[in-house]
Each structure stands twice: as structure tokens, then as C-alpha cells.
Amino acid sequence: MKHALLFLSIYSLAGRLMAGTVTIDTSSIQGTSGYLDFQFSGPSTPAAILTTSGLNLHGGSVGVEMITGDASGSLLTQLMLLNTLNSPPNEDFASVTFGTQLTFGFDFSGPAVTNPDGVSDASTFAFSILDATGMNPLLLVSNWASVDPGGFAFLVDLNNQGGAIATNFLAHGVVNPEGVAVPEPSAGSCLAIGLGMLASVRLMRRLRKA
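Residues numbered from 1 in each chain as written. Predicted model: local features only at pLDDT ≥ 70, side-chain atom pairs only at ≥ 80, totals over all residues. Heavy atoms only, no water.

**A look at the sheet that holds strand S12 (residues 164–168)**
1) Next: Spatially, the 6 strands line up as an open sheet ordered S5-S8-S3-S10-S11-S12, and their pairing is antiparallel. Here the strands that pair on one side only, and so sit at the sheet edges, are strand S5 (61–68) and S12. Shown here is a sheet whose adjacent strand axes are inclined to one another by a mean of 10°, direction ignored.
2) Next: Note that strand S3 (residues 33–41) and strand S10 (residues 123–130) share 7 bridges and pair antiparallel. From the neighbouring strand, Gln39 faces S10, where its bridge partner is Ala126. (Pairing = 2+ DSSP bridges. Helix = DSSP H or I, 4+ residues; strand = E, 2+ residues; numbered from the N terminus. Axes fitted to C-alpha atoms, helices over the stretch in contact; angles between N-to-C directions.)

Given below as C-alpha cells:
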């Protein structure tokens, strides 16, 4: 059985804290239907913007996109999500048919990037790959339920010190950050807070679909 392989490259750019490219091997689920879920949440202040672009499913296709909260655009062109605290969340929940590979780029911008305050909770970008029910994660490590209750493929945490942390839950995934400082313990605490918030969102969706 083939495993998912994630290459997440993160690098600093002038005027924006970080940008990255994502490549995931989806050949083991090629031709099947499912969902991609992009979420961005945080403390609202200081403001941050997550922009994704260049989504390519390499033989797959994107269907209906369900966009909620402070989110606009499209995965097929450019998607923008703010870090505001919203219900429903800032999210693009898109139906897809998987191809052999999944690639896209992302970057962060806004005051949380250019002028971090050093005290706010983290803003967290969460990406998920889900089955046709929209509830069960795909391609994760075997013990994902104990380490990743939200079922996320990966998280990128934008901390209050102007740094970032990438956490990968995909089987045999590789995260290769470049130009990102080693996080302080307080930043790890912020990641735990963000993960809990996003896991709650995923739980509410599962309850709605049940």
C-alpha cells in the first residue's frame, strides 16, 4: 500500500512572515471522492491573512466549495481566509476527486506578520483530507487519533513572536521548514490552544452530519 508523502517547505519573504508549498502523494486514493478542508482561526487581533494559490490535483478535480466566515475567493484561483473568531469558522470545505498528487502554495500576511504583539494566542492554519462522508480523515499516521483528535493532515501555527511551527500528521510525511525560528515553550502552548479550537469545529461538523 502506498503512503502519503508531504513535503512542506516554509521560507521567509520580505514583507511577509512565511510562505510555503505543499506536495502530497495521493496516488493510493486516486479516482475516489472526498473533501479538502482549509481553516484559519485565531484571536482576530493582530489581524492575519492566509492566502492559498495554485491548487493542482494532478488528474483530479474540484467540485463544490462551501465557503464560510471571513473567507473569499476559490481554491481554483486564490483563496483568502482571515484569522477572525467566527461561527461558522473561516473555512473552505471543498468536494474533490483525488488525482495522483495534491499541490498548492500558501502565505501569511497582515499585522500579525509584520508587527506581532508577543502576547496574543496563536493563529492556526489547519488542512485536512477527508473521505466522501466529509467526516473521516485519510492518509494519516496509524496512531493519529491519540495525537491528532481533529484528524488534521497538518497544522501551521503563526505564533505571537513572528515565527511559525509546522506539525504534520500524514503517514511518512516530511516537514522541512526553512528560515523559521525554533519555537519557545509559550509558542507550543499557543499551538495546543489552536488545535483544541479547530478540533471543536471538526467535532461540530461531525455531529451535524450524523
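Continuing now.
**Some words on the side chain of Thr103**
1) Next: Looking at where Thr103 falls in the secondary structure, it is placed in strand S9 (residues 101–109).
2) Next: With relative accessibility at 15%, the residue Thr103 sits in the buried group.
3) Next: A distance of 3.1 Å separates a polar atom in the side chain of Thr103 from a polar atom in the side chain of His58.
4) Next: Non-local contacts of Thr103, meaning those with residues more than four positions away in its chain, are made with Val22, Thr23, Gly54, Leu55, Asn56 and His58. (Buried < 20%, exposed > 50% of the residue type's maximum accessible area, 1.4 Å probe, protein only. Polar contact = N/O pair within 3.5 Å; in protein donor to acceptor, adjacent residues only side chain to side chain. Contact = heavy atoms within 4.5 Å.)

**Here's the deal with the nonpolar core**
1) Next: Leu36, Phe104, Phe108, Phe125, Phe127 and Ile129 are the most contacted members of the largest nonpolar core, which totals 38 residues.
2) Next: Leu36 has contacts with Leu55, Leu57, Asp92, Phe93, Ala94, Val96, Phe98, Leu102, Phe127, Ser128 and Ile129, leaving out every residue within four places of it along the chain. (Core = buried A, V, L, I, M, F, W, Y, C linked by side-chain atoms within 4.5 Å.)

**Quick word on the confidence of the model for the chain**
1) Next: For the chain, mean pLDDT is 76; residues scoring 70 or higher make up 72% of the total.
2) Next: Below a pLDDT of 50 lies the segment residues 1–7, which in the model reaches 32 contacts outside its immediate sequence neighbourhood of four places, other chains included.
3) Next: The low-confidence segment residues 174–194 (pLDDT under 50) makes 39 contacts with residues lying over four places distant or belonging to another chain. (pLDDT = per-residue confidence, 0-100.)

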